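# Topology and contacts: notes
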Amino acid sequence: MSETTDAVSVEVDAPLGVITLRAARRRNPLSTTTMKAVTAGLRRFDEDSDVRVIVIRAEGPAFSAGHDLGELVDRTLDDERAVFDTCAELMRTVHEVRQPVIAEVAGMAFAAGCQLVATCDLAVAGRSAKFSTPGVRIGLFCSTPMVALTRAVGRKRAMHMLLTGEAIDAETAADWGLLSGVVDDADLTTTVRELALQIAGSSARTVSIGKQAFYKQIDLDEASAYVEMAETMAANAMTCDAQEGMSAFLAKRAPVWTDS
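Residues numbered from 1 in each chain as written. Predicted model: local features only at pLDDT ≥ 70, side-chain atom pairs only at ≥ 80, totals over all residues. Heavy atoms only, no water.

### Examining empty space enclosed by the protein
Empty space among the atoms becomes visible once a probe the size of a water molecule is rolled across them. In this structure the tally under the stated criterion is one cavity of 30 Å³ or more. Here the largest cavity defines a volume of roughly 50 Å³. Along the walls of the largest cavity sit Arg-52, Arg-98, Gln-99, Pro-100, Ile-199, Ser-202, Ala-204, Val-207 and Ser-208, which together make up its complete lining. For the lining of the largest cavity, the element with the most residues is helix α8 (residues 204–217), which contributes three residues. Its residues assigned to classes, the lining of the largest cavity comprises four nonpolar, three polar and two charged. (1 Å grid on protein atoms, 1.4 Å probe; cavity = no way out; pocket = protein on both sides within 12 Å on 5 of 7 lines; lining within 4 Å. Points joined across faces, edges and corners; volume = space filled by probe spheres on them. Helix = DSSP H or I, 4+ residues; strand = E, 2+ residues; numbered from the N terminus. Nonpolar A, V, L, I, M, F, W, Y, C, P; charged D, E, K, R; others polar.)

### Some points on the pairing of strand β8 (residues 122–126)
In the case of a regular strand, side chains alternate between the two sheet surfaces. Along β8, four of the five residues are buried, which leaves the element largely enclosed by surrounding structure. Relative to β8, strand β6 (residues 101–105) runs parallel, the two being bridged by four bridges. Bridge pairing in β8 links Ile-102 to Leu-122. Note that β8 and strand β11 (residues 181–183) share three bridges and pair parallel. Each residue of the ladder has a partner; that of Val-124, found in β11, is Gly-181. (Buried < 20%, exposed > 50% of the residue type's maximum accessible area, 1.4 Å probe, protein only. Pairing = 2+ DSSP bridges.)

### Topic: the sheet that holds strand β9 (residues 130–132)
Ordered by their spatial adjacency, four strands build an open sheet running β5-β7-β9-β10, and the pairing between neighbours is mixed. The sheet is open, and its two edges are formed by β5 (62–64) and β10 (168–169), each paired on a single side. The sheet contact formed by strand β7 (residues 108–110) and β9 spans three bridges and is parallel. Each residue of the ladder has a partner; that of Phe-110, found in β9, is Ser-132. Here helix α3 (residues 112–119) sits on the sheet and contacts β5, β7 and β9; the angle it forms with β7, its principal contact strand, is near 95 degrees. (Contact = heavy atoms within 4.5 Å. Axes fitted to C-alpha atoms, helices over the stretch in contact; angles between N-to-C directions.)

### Section: helix α4 (residues 143–153)
Every buried residue of α4 is listed here: Pro-145, Ala-148, Leu-149 and Val-153. Summarising the axial view, the buried residues of α4 lie within an arc of 115 degrees, below the 170-degree limit, and thus occupy one face. Those residues of α4 that are buried lie in contact with α3, α5 (155–164) and α6 (170–176). Following α4 by one or two positions, Gly-154 adopts a phi angle in the positive range, close to 95 degrees. (Arc of directions from axis to C-beta.)

In structure tokens form, the structure reads like this:
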């Protein structure tokens, strides 16, 4: 499967699904059309058994500069709602698909672009990458990016970024929890691919169970989380791949996954 528009390409490079933002000259704005295309790509990958990990990347010097501001000027309230509802749907879909989603971040990731990075399950950036939520400077507070940002970096650091609009570098972003890794710019694509292939080598069923369990427990109190995850692990242990994996470990052999 391969689909390409002026702004987004969606292609399978089994076992990976790759979504590429292609509006490099405009710094890959997350227009409504672009967000819908990315959401549609994620959902198509979710239904493709050949895709075990999804990578979101971008062409050019920016991962994404954020929303297309041209869509937000001289519009009705319903028009404005439609833009941010589309954005929220994209972010929810990142978490809803069964595969882990990795952001491959080169260049700037500002506003909704930073939100997308914070939302992805993993995010690896080149050392020259920058991250910012600068909406306060143009009178439009980054309230939807705040949701993912706060959950990634914590309250005080998120508020600092939101109130000042200052950009942080990749090393700081990793230290704060916005990124899972930082590498030299020249090594970014190779590193992300190696990471994705490492994850793809595990049982797709097990990885899917783990991803959904992570988001189910993350906002629960500790006692409730243990109740939920004990049941999740018990059900996981009954799957074919869990039984195969444990048996293979005991027999000192490589497991053979059936993704069931």
